[in-house]
Amino acid sequence: MALDVEMPKIAKRSFYCALVLVAICNIGIFTIKTFTIIGSLGMRDPEPLQEWVVQHLPSHSKIVGDDRFYYACIKNDCDYQYLDRVKDHDTRARFHACTYKPDFLFISTQTSPAVIDAYTKEFHFLETINYLPSNENSFITNIIRRLPIAIQSSYEGALIRVKPRECFAIDEKDESKSLTE
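Now for a quick tour of the structure. It should be emphasised that the depicted structure is a prediction, and the values quoted were computed from it without experimental measurement. (Residues numbered from 1 in each chain as written. Predicted model: local features only at pLDDT ≥ 70, side-chain atom pairs only at ≥ 80, totals over all residues. Heavy atoms only, no water.)

## Let's talk about the nonpolar core
- Judged by nonpolar contacts, the single largest core of 15 residues is most densely connected at L49, W52, V53, L57, I63, C73 and F106.
- Listed by contribution, the elements that provide at least two residues to this core are α3 (46–56), α4 (70–75) and β3 (104–108).
- Top element by residues in this core is α3. It accounts for three residues.
- L83, A93, A158 and V162 belong to the second-largest nonpolar core, a separate cluster that totals 14 residues. (Core = buried A, V, L, I, M, F, W, Y, C linked by side-chain atoms within 4.5 Å. Buried < 20%, exposed > 50% of the residue type's maximum accessible area, 1.4 Å probe, protein only. Helix = DSSP H or I, 4+ residues; strand = E, 2+ residues; numbered from the N terminus.)

Structure (structure tokens):
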């Protein structure tokens, strides 16, 4: 079945116009994705973060933080636990305040406000040092920010020195039950 024999001229033109339109859309999307990746390469490079962690975070510190900071802290000989690993943020924050007793929280710009609120209830925030990747304000990144897309892979975040608020006796049976569920 040849396309020329079975389709009238208008149908054939419509088909080719639709094909060209799809190709243009695909090329446009590919171009935007390429610029997003190129523009965020520096923000996703772990080396500057590792250097910053060594400079600002004492070795052997206890940290509770976002997934993206795990390796930088572990390479600095720190003990690390994740912020968000159970269904109940308040229970996790309470466990960290009363049992783990971290020296720092390391949160990213993508950390949920509900998680931050839970930790605010359990800790005094003493000092905050922000980490901003060096090329966060590059030309390509500024163009991408104007588009209706988000770069979710940046290491931008805050290292917060914390002190647990007063802990009251915790019923160990209830605590272990809620952490393992």
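There's plenty left to go through after this.
## Things to note about the sheet that holds β3
- One open sheet holds the five strands; their spatial order is β2-β1-β3-β5-β4, and the pairing between them is mixed. Two strands bound the open sheet, and with one partner strand each, they are β2 (79–82) and β4 (123–131). Ignoring strand direction, the axes of neighbouring strands in this sheet form an average angle of 25 degrees.
- Where β3 meets strand β5 (residues 157–164), five bridges bridge the pair, whose relative direction is antiparallel. Within β5, the residue paired with F104 across the bridge is R161.
- With respect to the sheet, α3 is in contact with β3, β4 and β5, its orientation differing from that of β4 by roughly 135 degrees.
- With respect to the sheet, helix α6 (residues 113–122) is in contact with β1 (62–65), β3, β4 and β5, its orientation differing from that of β4 by roughly 130 degrees. (Pairing = 2+ DSSP bridges. Axes fitted to C-alpha atoms, helices over the stretch in contact; angles between N-to-C directions. Contact = heavy atoms within 4.5 Å.)

## Remarks on unusual backbone geometry
- The phi dihedral of D77 falls on the positive side, at around 60 degrees, and the residue is not glycine.
- The residue D77 is located in the loop between α4 and β2 in this model.

## A word on empty space enclosed by the protein
- Taken as a whole and judged by the stated rule, the model has one cavity of 30 Å³ or more.
- In this model, the largest cavity occupies a volume close to 40 Å³.
- L83, L105, I107, T111, V115, I116, Y119 and F125 are the residues that line the largest cavity.
- Put simply, the parts of the chain that give the lining of the largest cavity at least two residues each are β3 and α6.
- Ranked by the residues each element gives to the lining of the largest cavity, the list is headed by α6, at three residues.
- Of the residues belonging to the lining of the largest cavity, the class tally is seven nonpolar, one polar and no charged. (1 Å grid on protein atoms, 1.4 Å probe; cavity = no way out; pocket = protein on both sides within 12 Å on 5 of 7 lines; lining within 4 Å. Points joined across faces, edges and corners; volume = space filled by probe spheres on them. Nonpolar A, V, L, I, M, F, W, Y, C, P; charged D, E, K, R; others polar.)

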